[in-house]
Amino acid sequence: MKRILITSALPYINGIKHLGNLVGSQLPADVYARFMRAKGHEVAFICATDEHGTPAELAAIDNNTSTEEYCEKMWQVQKDLSEKFFLSFDFFGRSSSPSNHELTKQFALQLNKNGLLKRVEEKQLFSKEDNRFLPDRYVIGTCPECSYERARGDQCENCTRQLEASELINPRSVLSGSKNLELIKTDHLYLMQSKLKDKLLAWIESKNNWPIITTSIAKKWLLDGEGLQDRSITRDLKWGIAVEKDGRPWEGMENKVFYVWFDAPIAYIASTLDWATSKKQHPEYWKTWWLDDHGAKDVHYVQFMAKDNIPFHTLSFPATLLGAKQSWKLVDYIKGFNWLTYEGGKFSTSQKRGVFMNQAIDLFPSDYWRWWLLSNAPENADSDFTWTSFQSCINKDLADVLGNFVSRLAKFAASKFGEAIPKGSKYTNEEFEAISEIEKIFKDYNDAMTKIEIRKATSHLRKIWSKGNEYLQRSQPWMKIKTNEAEAAKIVRFGFNLMLFYSEISEPFIPETCLKIKSCVGKSKDSVEWSFFKDDFETIFERVKFGAKFKPLQNLFKKIDNKEALDLEKRFAGTDD
RNA sequence: GGGGGGUUAGCUCAGUUGGUUAGAGCAGAGCGCUCAUAACGCUUUGGUCACAGGUUCGAGUCCUGUACCCCCUACCA
């Protein structure tokens, strides 16, 4: 048994996430967590909301509430949604938790002690009317390059030039429109990542099994131009983790908070701590996951994220961990994802384009989404969500191949043998052949899952499902029932065992459906450990009890017809403005 | 400008360290079955593997160049 630590990139608190966010980290992480648990490993699957920063403050203002209340509310919303999608986090924490405040400050202190922080003077635009410093993207003005009048402080959308907010002509606040802006000198703490460059490079280069995209992005940042740049880890904001030293203000850093990208990854650790506390574990327990000298050396740590997060997870966060020099656990494997697009374009929150988690779950059961998203996960390239693809995938894979298999079997059994599972004769070559075919594909499936090859795994799984239909077609219980009832009963018995097996191995992908199937064949909801499977593959198809009552299932999956798909396409096309 | 990824059947994609007739699902065609959500099974039609060169006994697979798409990143007047 191994110990597996799994973290999924932290969803930002500001609003409900869309399908692209879901498939980019949380969902595949959930599949992996469920798989690893099924294999009998000890799993800590940790996630949290990322709550600090300006967007959270502004969203709170829009909602006429305090930032604290807004975050509290949205954390609950996101947590509830994650449960509706059957995301099996062991703990869903918050980056604003007291433990994260504590840990973040400790990290800063430790980095400072190790000579890795320095103070740098910057100039930031301050808006008197808004009474706040304006991050670059909250300033608009005329582009010095192309004279576009609505250029943002970080980049001009018109000519794509990268800008400094101070370069803008006639700058004004995005928030209030005020032109009463003042360029003010302000000091910030910088993490001297450049000093850790060699260590980071050596570490990255030791990871020869990582996907090219991950290491190439990391190396690019490490080696290009002047190499890894030092980064500011503080901001002039109210909402966040106060920059303090031993409970007292850090001199020169009064009224500042840590940059959200500094404290957010630390929330992985803080949430593990909060999880341990909530489970009333020993106070040192969380350290067995995070500190090499407390046992974390044996932990296999896997992170899931979309590609935009890769630099932070390959460089910034490791720099924090390495720089602290306290034997912190570094990630062992990073699973990065590309983007999910929507009908050929981008998902857009502002234009309401695409499908968001709350809308999705109101339309179809979680497994519909899980199955489509996972079997089309943007692993090697961006992938595109279309309603046509969704419709065909759900109807074909779930309704026709899996759903219909369960349905035809259960209904046949109920009509010929009543609602109890019949015994019948012994298995013969027909069954053994099916078993050996399935065992072969299961091995491939297991391999793909181990390597976190999500799409590949779904196609193997689908192939295993269709073996059920192939078997029924070959054995023809509807003919046998006329001449040899014991034979027909055997086929039904084997069919039910297949159902049970399916419900176990499909659980990482479609957990809600698997619970239904499992309860139909009279099994408890406890998940079975796959480790059992390798002992004797044949015996796993003799576990359904004869005579056990079963409840015939309603159709597991309702098909999506053309009209419905078309309506949805129109409804979610978004606004054009 | 620099870097990375991509370009394989009508569509979505697999193709292991280069090795014989390039695979899957969907869609199309034909046949079979009738237990089942008009579901299922079997068979089958589709490919100058973006293009042009090169290395090799042999290249979808390695090298060079070109075209197009996506992403990251830097910037002159």
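Everything that follows concerns the structure shown earlier in this document.
Let me begin by describing the structure that accompanies this report.

Attention now moves to the overall build of chain A. Scanning chain A for helices and strands turns up 18 helices and 18 strands. For 577 residues, the compact-globule estimate of 2.2 N^0.38 gives 25 Å, and chain A sits close to it at 27 Å. On the principal axes, the C-alpha backbone points of chain A span a range of 90 × 55 × 40 Å. Taking all 577 residues of chain A together, 57% fall into the buried category. A fraction of 77% describes how many contacts in chain A between residues 6 or more apart in sequence connect residues 24 or more apart. When the accessible area of chain A is evaluated, it comes to approximately 25,400 Å², of which 48% is carbon and sulfur surface.

Let's shift gears to the state of the cysteines. On inspection of all chains with the given rule, the structure shows zero disulfides. The thiol of Cys71 is unpaired, and the distance to the nearest cysteine sulfur, on Cys47, comes to 15 Å. Given the relative accessible area of 0%, Cys71 is considered buried.

Looking now at unusual backbone geometry. The phi angle at Asp246 is positive, at roughly 50°, despite the residue not being glycine. Mapped onto the elements, Asp246 comes out in the loop between strand 12 (244-245) and strand 13 (248-249). Residue classification places Asp246 among the exposed positions, given a relative accessible area of 61%. Non-glycine residue Glu343 carries a positive phi angle of around 50°.

The next subject is the protein's contact with RNA strand B. Around RNA strand B sit 30 residues, and of these Glu145, Asn380, Asn404, Arg408 and Lys411 come closest. Of what RNA strand B places within 4 Å of the protein, 69% of the atoms are sugar or phosphate. Contacts to RNA strand B include Ser407, whose side-chain N or O atom sits 3.4 Å from a sugar or linking oxygen. A distance of 3.1 Å separates a base nitrogen of RNA strand B from a polar side-chain atom of Gln473. Only helix 6 (212-223), helix 12 (387-417), helix 14 (454-475) and helix 15 (477-483) provide two or more residues apiece to the surface near RNA strand B.

Moving on, we come to the sheet that holds strand 6 (residues 139-142). Backbone-to-backbone hydrogen bonds pair the strands of a sheet. The strands run either parallel or antiparallel. Across the sheet, three strands lie side by side as 7-6-8; this open sheet has antiparallel pairing. Only two strands of the sheet have a single partner each, and these edge strands are strand 7 (151-152) and strand 8 (169-173). With three bridges connecting them, strand 6 and strand 8 associate as antiparallel partners. The partner of Ile140 across the bridge, within strand 8, is Arg172.

Scoring rules and cut-offs
Residues numbered from 1 in each chain as written. Chains lettered and ligands numbered in written order. Predicted model: local features only at pLDDT ≥ 70, side-chain atom pairs only at ≥ 80, totals over all residues. Heavy atoms only, no water. Helix = DSSP H or I, 4+ residues; strand = E, 2+ residues; numbered from the N terminus. Rg over C-alpha atoms; globule rule 2.2 N^0.38 Å. Buried < 20%, exposed > 50% of the residue type's maximum accessible area, 1.4 Å probe, protein only. Contact = heavy atoms within 4.5 Å. Areas by Shrake-Rupley, 256 points an atom, 1.4 Å probe, with all protein chains shown as cover. Disulfide = S-S within 2.5 Å. Near = heavy atom within 4 Å. Polar contact = N/O pair within 3.5 Å; in protein donor to acceptor, adjacent residues only side chain to side chain. Pairing = 2+ DSSP bridges.

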